[in-house]
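One-letter residues, chain by chain:
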There are 4 protein chains.
Amino acid sequence: MIKSIAILTGGGDCPGLNAVIRGVVRAAILKRGWQVVGILNGFDGLIDGPQTVPLDLASVRGILQRGGTILGTSNRGNPFRYPVQQKGTTELLDVSQRVVDNFRKTGADALVVVGGDGTLKIARRLNDMGVPVVGVPKTIDNDLCGTDVTFGYNTAVGIVTEALDRLHTTAESHHRAIVVEVMGRDAGWIALESGIAGSADVILLPEIPFHIDHVCDHIGKRRENGRRFHIVVVAEGAVPIGGHKVVQISADQNCGMERLGGIGQQVANAIQARQGIETRTVVLGHLQRGGTPSSFDRILGSRFGVKAVELIEKGYFGMMVALSGREVVVAEIDMAVESLNLVNPQGSLVHTAEALGIMVGR
Amino acid sequence: MIKSIAILTGGGDCPGLNAVIRGVVRAAILKRGWQVVGILNGFDGLIDGPQTVPLDLASVRGILQRGGTILGTSNRGNPFRYPVQQKGTTELLDVSQRVVDNFRKTGADALVVVGGDGTLKIARRLNDMGVPVVGVPKTIDNDLCGTDVTFGYNTAVGIVTEALDRLHTTAESHHRAIVVEVMGRDAGWIALESGIAGSADVILLPEIPFHIDHVCDHIGKRRENGRRFHIVVVAEGAVPIGGHKVVQISADQNCGMERLGGIGQQVANAIQARQGIETRTVVLGHLQRGGTPSSFDRILGSRFGVKAVELIEKGYFGMMVALSGREVVVAEIDMAVESLNLVNPQGSLVHTAEALGIMVGR
Amino acid sequence: MIKSIAILTGGGDCPGLNAVIRGVVRAAILKRGWQVVGILNGFDGLIDGPQTVPLDLASVRGILQRGGTILGTSNRGNPFRYPVQQKGTTELLDVSQRVVDNFRKTGADALVVVGGDGTLKIARRLNDMGVPVVGVPKTIDNDLCGTDVTFGYNTAVGIVTEALDRLHTTAESHHRAIVVEVMGRDAGWIALESGIAGSADVILLPEIPFHIDHVCDHIGKRRENGRRFHIVVVAEGAVPIGGHKVVQISADQNCGMERLGGIGQQVANAIQARQGIETRTVVLGHLQRGGTPSSFDRILGSRFGVKAVELIEKGYFGMMVALSGREVVVAEIDMAVESLNLVNPQGSLVHTAEALGIMVGR
Amino acid sequence: MIKSIAILTGGGDCPGLNAVIRGVVRAAILKRGWQVVGILNGFDGLIDGPQTVPLDLASVRGILQRGGTILGTSNRGNPFRYPVQQKGTTELLDVSQRVVDNFRKTGADALVVVGGDGTLKIARRLNDMGVPVVGVPKTIDNDLCGTDVTFGYNTAVGIVTEALDRLHTTAESHHRAIVVEVMGRDAGWIALESGIAGSADVILLPEIPFHIDHVCDHIGKRRENGRRFHIVVVAEGAVPIGGHKVVQISADQNCGMERLGGIGQQVANAIQARQGIETRTVVLGHLQRGGTPSSFDRILGSRFGVKAVELIEKGYFGMMVALSGREVVVAEIDMAVESLNLVNPQGSLVHTAEALGIMVGR
């Protein structure tokens, strides 16, 4: 018999997290009269602590349209391999029992864990250790299996598309090529969908290795056909055939600027060097995570939050919520943690991009 | 053996129409070398005429991010019951054979018809009369069956949600109730989804008759609980129990302002009169149709356009494209024209809204 | 020697009000160590009460980007003619002494009053009664003299312009005329500037009476010249020559829908009736007030707030802040309350609109 | 007696350029019946060529809301020091006479030159060589004297402010510092105004040298005061005291990534290294130039275009248009080219930022 539940958010922030929190709080309090406690800073809040904040209706007022998470998220993360300073060196210790004990101290009967595959893996192991857990899948770059899509992704694609719209006018005025590096270490969904929506000429994904020569040749052909500007969208995890040495910049020369756009900059350098076209690089980075969630993500986040409370009520622990077609359903956490949702190089979305005349990798 | 195809857009304009046109043109020309001709102003362009414009790659450049349709749409519409002036009176004549003849004059081997249920009904009958037709379903308020969703709807929900965000700050500052009337004559999807995303307090839909007393009581209770402002979202087709006479304004007194928000204004009048709360009405009207399509609608429109060309290539005439889960598939036009996609009053989306504390009709 | 100050916001809400409040609070606390108390709901909070809330740094965190005012604004208003129920009837009484007494109770040494001409008039009279007042001018439709411009106006023009962008695509697709009614009872700045920025074809202002025949003729000529759509922007206070009877709708038949757009609807009816062009009306209403302030308004509001604190420090009571060129300066409240800032019919902005081919009234 | 005029746009693209072009074309054709010819790609179009395009009303339809310039802009630039390949080496030659001759070939009686100080310098010299020139000042980072402000700047500040809004939610969720590098090689206006509007904690400008120790200490103090996140806005031209070696990264190690944010990255590295706060860098780069112009910039650009035509009519050659207070006036080109409009370190805008608690350089 549930009286009180706890919720935490883990991993990178994502538009829609607050919609989930709000959905959980309102569904728990309004119809069921449960109490809700928020765990601060992801699992960190159950390692040192517990660090908690009571969540009532007032605490979730006005957060639906705010990005990020009011609970904060963890920066150190995994309780099973937790970095601890010991005589100068950093050891990775298993502090999971402390997490279980601290959860007990919160007095909550169940825990909602919102996070990506890493966070959900932890959630499932904690469930096996006796913490009644319900998962809510989160991934901004849509690389999670087990759900059609999750919140945050739609907002991110919208932000990148808006950026591509802006860059078109500049590229057109200056007859330039512009290379835009976007999120996507393993999965190229953001690059592919925003590339289609933003009318890119070339899209480079982790799933489809590309040859830099072909990219440069393609741009060259476009110019011969009188096209005066060129937009290339590159996922941060895109892999050139022959590895990352598409130009003579070694990793260490790269000043640890991966976050500032290794691969994007390298593709740009190659285009400028080989085609003599003035080329610029834009790295969207954290711009893609922030800001007001789209209506789609607010609705999906709210539905996930409400459904998570239902799962708790029904005692479906060790499981997670998911979107299937138009319905929000229960699903196995295993579905989300055992494999990645990658772009299918032969799939219809890649096919659509190519039918539109976009070069997709290769 | 296809050499040339034609395309027309019918019914109300909708963000994403240009993405469909562009997708058809590029998929037809780039890979297949077909020619494409655009029919102007919907079926009107096949009644007087044909009025056509050749569509090459240049003519669809830069239209992906533009709302509306570069081909224009019909204002008089149905060739089977076409209004014709005869000795002062207007007769409804069947001019469908003229449409067939004019289509032949275009020299096209197939016709892509983009439109809602009315337009698609016509398309199917023309197919039976020998015009090889492929349909692309269009509906801004999501009332079409046969496809999970179509382009335009996501943009409309986003526009309404943004409007609700804005109105919240005004309502909050003035301690007012604000009634927002949105699109949805038969189906309340826009009201329901934007109401959830925009944090509405009451949502009124065509599918769930409401009693004005209950609405006023609900607002009254909110005030007693210390809530200082109230947002009510009303679909234009929402039906009060006891018909449209929720306040003493007869239809004719209403100055033919239905389009300017009969039901919204009436609900507002009732709240102000019975609860003594200063209440304002906002009618979004055509604002919901216009402007830059969202990334979601640009992608879906592009996929529909590309798929329509495939259907022609495969000879699937008398059929239409549709979204099913994550895939764009072939579907029967009958699916779209024989019934409406209505909100299920017992469905999970209404349930979610109620779990969040929103009053949904009744 | 100032130790504590109070602030209130009066009149209609306006994007940037929170920037002023935040500016006052931060400038007073950070450098000067003053205390700040917020008066709730404009002067109402000094009539019943005082109703106050302490304002520290935490209370103004995150409000810079929020529309409206966290202090609320008055709905009944003028303490010198305050509506009071007495034996069933409503009397207008002078309760200004109560305001002075309640201000004293707050313990504040000075009062910042943010509001339009009505609110500032009251502020000045209270100053004469011994309340040390500093004014911050506020007007969303830019009708205040004494300052080049105030916060809120830039945001409003931006919202209307965005709406006009959206409506263009609809009007173009359907070959319609669309009449957009915008704020501006006395001054037509919003209609004029958004009309120029949003590429309107006709702009109707309070300052330049228009003849409906000329408007209809102008639209007719445009159609003869092959223009397929027409956008008319009408300020709510625009006056047709011959008064409000441009069509046979009497004021009372109009269902008290002035707020829902009397004049806009009437102009639309006339165009449709006389030119046979399908015409739609959109009334933006409260959409123009709400939402995130533009960067311009956030900066101006912040500068006004900081400057208001300086005026208090220097003892410039009975005066207000103002924008002059690029500088924020001190100004007489009389400047703002004694006359309206109207569009000059012979001025360069009207001239610019006409040079661009826009019909401006007449 | 003017019959025909030419127009070109030079230098970096800027939102509002198309508004100027449209204003010139409409003002010249509608009232005066002049012809207008567009010069392509800035002065390049008068060096090779002339490369021109006739501009009628149709050619400027729908461009008001589009960023960039439909005429393109020059990439090589200065006709007085023009890079020409000669036997393998690049020589800088004076080809200005070719420009004069090619202008004559266009048959135009006057030339409107839209550009920044470099472009306007050239314009004035060409005027001295007998080309009747009128200038329109353009600068996206507001570093031009002779006009209160020009088009493009308001849009750029808006884009940066929106980016800061987004980054706040991420920084808050992760308890991070985020360093945002923005445009401004010589003048810090964009950093200063967007920093105020976007609620930055530290703003670094070219005009006010900063000591990296003070920046790190300031962030450290904020953390001690319980502030969990920190936003630093850095103009690309900001200069640390002791030069660019704030961390051990030499210019050449920096992989020629200045454009990708040398100074921003260096400040971020220092904060992370010295305060142990996870810090991220975002370089907005070309995102700041592109996209739909704000209403302010559309209006100002339109006014400048209309005024430029008036100057030609009145024979005010060798001069330019400018904004002064609320009026668009004539001004000397010398005003714009002889000195830069820099932020005044003792000025009221810096003072406002500091009063709000923002650290501005030093």
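Residues numbered from 1 in each chain as written. Chains lettered and ligands numbered in written order. Predicted model: local features only at pLDDT ≥ 70, side-chain atom pairs only at ≥ 80, totals over all residues. Heavy atoms only, no water.

Engineer: Describe the domain arrangement of chain A, and please don't skip the residues or the numbers.
Structural biologist: Residues and elements named next belong to chain A. On domain assignment, one finds that chain A holds domain 1 (4–151 + 291–337) and domain 2 (156–288). Computed from C-alpha atoms alone, the centre-to-centre distance between domain 1 and domain 2 is 34 Å. On the side of domain 2, nine residues touch domain 1, which itself brings four residues to the contact. Of all residues in domain 1, Ile 140, Asp 141 and Asn 142 give up the largest surface area on contact with domain 2, accounting jointly for 74% of the area buried on that side. Between the two partners, domain 1 and domain 2, sit zero salt bridges. Remark: the boundary between domain 1 and domain 2 carries one residue pair in polar contact (both at pLDDT 80 or more). For the side of domain 1 that touches domain 2, the per-class residue count stands at one nonpolar, one polar and two charged. (Domains from an automatic or database assignment. Contact = heavy atoms within 4.5 Å. Buried area = accessible area lost by both parts, 1.4 Å probe. Salt bridge = Lys/Arg side-chain N within 4 Å of Asp/Glu carboxyl O. Polar contact = N/O pair within 3.5 Å; in protein donor to acceptor, adjacent residues only side chain to side chain. Nonpolar A, V, L, I, M, F, W, Y, C, P; charged D, E, K, R; others polar.)

Engineer: Which residues make up the side chain of Gln 265 of chain B, and what are the values?
Structural biologist: All names here are of chain B. Residue placement: Gln 265 occurs in helix 8 (residues 262–275). Given a relative accessible area of 10%, Gln 265 falls into the buried group. In terms of polar contacts, Gln 265 uses its side chain to reach the side chain of Thr 281, at 3.0 Å. (Helix = DSSP H or I, 4+ residues; strand = E, 2+ residues; numbered from the N terminus. Buried < 20%, exposed > 50% of the residue type's maximum accessible area, 1.4 Å probe, protein only.)

Engineer: Lay out the sheet that holds strand 6 (residues 110–115) of chain D with the relevant residues and their values.
Structural biologist: Within a beta sheet, neighbouring strands are joined by backbone hydrogen bonds and run either parallel or antiparallel to one another. All names here are of chain D. The seven strands lie next to each other as 3-2-1-6-7-12-13, forming an open sheet whose pairing is mixed. Looking at strand neighbours, the two that pair on one side only are strand 3 (52–54) and strand 13 (327–332), the edges of this open sheet. Taken over all neighbouring pairs, the strand axes of this sheet differ in orientation by 30° on average, direction set aside. In the sheet, strand 2 (residues 35–39) pairs with strand 3 via three bridges, with the strands oriented antiparallel. Bridge pairing in strand 3 places Val 37 opposite Pro 54. The sheet strands contacting helix 1 (residues 17–30) are strand 1 (4–9), strand 2, strand 6 and strand 7 (133–137), and the helix crosses strand 1 at an angle near 180°. (Pairing = 2+ DSSP bridges. Axes fitted to C-alpha atoms, helices over the stretch in contact; angles between N-to-C directions.)

Engineer: Give a description of the pattern of salt bridges that names residues and reports values.
Structural biologist: Applying the stated criterion across every chain, the model contains 52 salt bridges over all chains. Of the charged contacts, one joins Asp 165 of chain C and Arg 298 of chain D as a salt bridge, the two residues approaching to 2.8 Å between their closest N and O atoms. With one member in each of two chains, Asp 165 of chain C in helix 5 (residues 153–174) and Arg 298 of chain D in helix 9 (residues 295–314) form a pair that bridges those chains. There is no split in this pair, since Asp 165 of chain C and Arg 298 of chain D are both buried. In this structure, the salt-bridge partner of Glu 278 of chain D is Arg 280 of chain D, at a minimum N-O distance of 2.6 Å. Of the residues examined, Glu 278 of chain D reaches a relative accessible area of 24% and is grouped as partly exposed. Each of Glu 162 and Arg 166 of chain A together with Glu 162 and Arg 166 of chain D takes part in salt bridges that share partners, so that together they form one network.

Engineer: Go over the interface of chain C and chain B with me, naming the residues and quoting the values.
Structural biologist: Taken together, the contact pairs 43 residues of chain C with 43 residues of chain B. Between chain C and chain B, the buried area comes to about 3600 Å², and carbon and sulfur atoms account for 55% of it. For the interface between chain C and chain B, the tally reads two salt bridges. At the surface where chain C touches chain B, the tally comes to 16 residue pairs in polar contact (both at pLDDT 80 or more). Every element with two or more residues in the side of chain C that touches chain B is listed here: helix 5 and strand 11 (279–283) of chain C. The element contributing the most residues to the side of chain C that touches chain B is helix 5 of chain C, with 10 residues. Looking at side-chain class alone, the side of chain C that touches chain B contains 10 nonpolar, 22 polar and 11 charged residues.

Engineer: Requested: an account of the sheet that holds strand 14 (residues 359–360) of chain D, with residues and values cited.
Structural biologist: All names here are of chain D. Spatially, five strands are ordered 11-8-10-9-14 in an open sheet, and the strand pairing comes out parallel. The open sheet terminates on both sides in strands that have one partner only, identified here as strand 11 (279–283) and strand 14. Pairing analysis gives six bridges linking strand 8 (residues 177–182) to strand 10 (residues 230–235), with the strands arranged parallel. Of the residues in strand 10, the one forming a bridge with Ala 177 is His 230. Sheet strands in contact with helix 8 (residues 262–275) are strand 8, strand 9 (202–204), strand 10 and strand 11, and its direction is about 165° off that of strand 8.

Engineer: An account of the relation of the copies chain C and chain B is requested, with residue identities and associated values reported.
Structural biologist: Placing chain C over chain B gives an RMSD of 0.0 Å and needs a rotation angle of 180°, together with 0.0 Å of translation along the axis. The transformation just described matches what one would write down for a two-fold rotation axis. (Least-squares fit on C-alpha atoms with pLDDT ≥ 70 in both.)

Engineer: Talk me through the UniProt feature "binding site: ATP" (unreviewed entry) in chain A; I want residue IDs and the actual numbers.
Structural biologist: Per the UniProt record, the feature "binding site: ATP" (unreviewed entry) sits at Gly 12, Arg 76, Gly 77, Gly 116, Asp 117, Gly 118 and Thr 119 of chain A. Structurally, Gly 12 of chain A can be placed in the loop between strand 1 (4–9) and helix 1 (17–30). Among all residues touching Gly 12 of chain A, those that are not within four sequence positions of it are Leu 17, Lys 138 and Arg 289 of chain A together with His 174 of chain D. By the secondary structure assignment, Gly 118 of chain A is in helix 4 (residues 117–128). (UniProt positions renumbered as here; feature names shortened; annotations may be inferred.)

Engineer: Outline the nonpolar core, supporting the account with residue identities and numerical values.
Structural biologist: Judged by nonpolar contacts, the single largest core of 296 residues is most densely connected at Ile 5 of chain A, Ile 5 of chain B, Ile 5 of chain C together with Ile 5 of chain D. Not counting residues within four places of it along the chain, the set of residues in contact with Ile 5 of chain B comprises Val 24, Ala 28, Trp 34, Gln 35, Val 36, Val 37, Ala 108, Ala 110, Val 309 and Ile 312 of chain B. (Core = buried A, V, L, I, M, F, W, Y, C linked by side-chain atoms within 4.5 Å.)

Engineer: Describe in detail unusual backbone geometry, supporting the description with residues and values.
Structural biologist: Trans peptide bonds make up the majority, and among non-glycine residues the majority have a negative phi. Across the junction of Gly 49 of chain A and Pro 50 of chain A, the peptide omega takes the value 10°, indicating a cis bond. Within the secondary structure, Pro 50 of chain A sits in the loop between helix 2 (44–47) and strand 3 (52–55). A positive phi angle, close to 35°, is found at Lys 87 of chain B, a residue other than glycine. Among the secondary structure elements, Lys 87 of chain B is positioned in the loop between strand 4 (82–86) and strand 5 (89–93). For Lys 87 of chain B, a relative accessible area of 79% translates into the label exposed. The residue Ser 199 of chain C is not glycine, and still its phi comes out positive at about 60°.

Engineer: Describe in detail the interface of chain A and chain B, supporting the description with residues and values.
Structural biologist: The interface is formed by 42 residues belonging to chain A together with 42 residues belonging to chain B. At the boundary of chain A with chain B, total buried surface from both sides reaches about 3500 Å², with 50% on carbon and sulfur atoms. Three residues, Ile 299, Arg 326 and Leu 356 of chain A, lead the burial of chain A against chain B; their summed loss comes to 18% of the area buried on that side. Where chain A packs against chain B, one counts two salt bridges. For the interface between chain A and chain B, the tally reads 22 residue pairs in polar contact (both at pLDDT 80 or more). Of all the secondary-structure elements, those providing two or more residues to the side of chain A that touches chain B are helix 1, helix 5 (153–174), helix 6 (189–197), helix 9 (295–314) and helix 11 (348–355) of chain A. The element best represented in the side of chain A that touches chain B is helix 9 of chain A, accounting for eight residues.

Engineer: Account for the environment of Ala 123 of chain A, with residues named and values stated.
Structural biologist: All names here are of chain A. Topologically, Ala 123 is positioned in helix 4. The exposure class assigned to Ala 123 is buried, which follows from its relative accessible area of 0%. Residues Ala 123 and Val 113 lie 10 residues apart in sequence; the distance between their C-alpha atoms is 6.6 Å. Excluding residues that lie within four positions of it along the chain, Ala 123 makes contacts with Phe 43, Val 113 and Val 133.

Engineer: Tell me what's going on with the relation of the copies chain A and chain B, and back it up with residues and numbers.
Structural biologist: The transformation that overlays chain A on chain B combines an axial shift of 0.0 Å with a rotation of 180°, and the residual RMSD is 0.0 Å. Counting the interface residues of chain A, we find that 100% of their copies in chain B are interface residues as well, pointing to one common contact surface.

Engineer: Help me get a handle on the UniProt feature "active site" (unreviewed entry) in chain A, residues and values and all.
Structural biologist: Residues and elements named next belong to chain A. UniProt's feature table lists "active site" (unreviewed entry) at Asp 141, given in the numbering used throughout. Positionally, Asp 141 belongs in the loop between strand 7 (133–137) and helix 5. In contact with Asp 141, not counting residues within four places along its chain, are Tyr 153, Gly 184, Arg 185, Ala 187, Trp 189 and Ile 190. There is a polar contact of 3.0 Å between the side chain of Asp 141 and the side chain of Thr 139.

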